[in-house]
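# Structural overview
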Amino acid sequence: MNGAPATLDGLQMRASARSVTAVLRALANEDRLLLLCQMAHGERSVGDLEAQLDIRQPTLSQQLGVLRAEGLVTTRREGKRIYYAVADPKVLTLLGTLYALYCPTP
């Protein structure tokens with residue numbers, strides 16, 4: 001094998017492609033991308049997300065629901081507050097790469 005990386009078989013590649021397209025579909029929405037970017041810096045409450053991003057409650061709830069359904073975020077309840085965090089370290093890596101490419105610091 002001369003040190004070459006192993007290749008995925010067709011079924012593995014299709015399963016990986018399915019996972020990646022689900023993540024990219026979620027990131028393709030501006031509000032969801034902004035929500036994930038905020039959560040990339042740590043856990044955030046719904047109230048924090050609403051205030052930081054100026055996304056109104058109905059839209060915020062809808063987009064957080066999509067992120068939950070896709071398994072991209074986890075939730076934690078503390079009293080009346082619900083906190084959200086990015087669920088997958090691979091998504092954090094992807095967000096970091098996007099940030100480096102599109103949000104460079106001067």
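None of these values were measured; they are calculated from a predicted model.

Rules used in this analysis
Residues numbered from 1 in each chain as written. Predicted model: local features only at pLDDT ≥ 70, side-chain atom pairs only at ≥ 80, totals over all residues. Heavy atoms only, no water. Helix = DSSP H or I, 4+ residues; strand = E, 2+ residues; numbered from the N terminus. Rg over C-alpha atoms; globule rule 2.2 N^0.38 Å. Contact = heavy atoms within 4.5 Å. Areas by Shrake-Rupley, 256 points an atom, 1.4 Å probe, with all protein chains shown as cover. Pairing = 2+ DSSP bridges. Buried < 20%, exposed > 50% of the residue type's maximum accessible area, 1.4 Å probe, protein only. Arc of directions from axis to C-beta. Polar contact = N/O pair within 3.5 Å; in protein donor to acceptor, adjacent residues only side chain to side chain. Expected span 1.5 Å × (residues − 1).

## Re the overall build of the protein
Helix and strand counts for the protein stand at five helices and three strands. Put simply, the protein runs from its N terminus to its C terminus through helices and strands in the order α-α-β-α-α-β-β-α. In terms of overall size, the protein is more extended than a compact globule, its C-alpha atoms giving a radius of gyration of 16 Å where 106 residues would be expected to give roughly 13 Å. A principal-axis box enclosing the C-alpha atoms of the protein has dimensions of 55 × 35 × 25 Å. Here the contacts in the protein between residues at least 6 apart in sequence split such that 51% fall between residues at least 24 apart. Accessible surface, the protein: about 7,400 Å² in total, of which carbon and sulfur atoms supply 56%.

## Considering the sheet that holds strand E2 (residues 73–78)
A sheet is described by the order of its strands in space; here three strands give the open sequence E1-E3-E2, paired in antiparallel fashion. Each end of this open sheet is capped by a strand with a single partner; those strands are strand E1 (44–45) and E2. Pairing geometry for E2 and strand E3 (residues 81–86), over six bridges, is antiparallel. Residue pairing across strands places Glu78 opposite Arg81, the latter belonging to E3.

## A few points about helix H2 (residues 30–39)
When we look at burial in H2, the residues that qualify are Arg32, Leu35, Leu36, Gln38 and Met39. An end-on view of H2 places all buried positions within 160 degrees of arc, on one side of the element. The backbone nitrogen of Asp31 lies 3.0 Å from a side-chain oxygen of the residue at the head of H2, namely Asn29.

## Looking at the pairing of E3
Where E1 lies against E3, two bridges are found, and the strand directions are antiparallel. From the neighbouring strand, Ser45 faces E3, where its bridge partner is Tyr83. What sits between E2 and E3 in their antiparallel hairpin is a turn of two residues, with Gly79 showing a positive phi close to 65 degrees.

## Structural notes on helix H4 (residues 57–69)
A rise of 1.5 Å per residue sets the reference length of H4, with its 13 residues, at 18 Å; its end C-alpha atoms lie 18 Å apart and thus fit the reference within 8%. Residues of H4 that are buried: Leu60, Gln63, Leu64 and Leu67. What you see down the axis of H4 is that its buried residues fit within an arc of 100 degrees, all on one side. Of the exposed residues in H4, those oriented more than 90 degrees away from the buried face are Pro58, Gln62 and Ala69.

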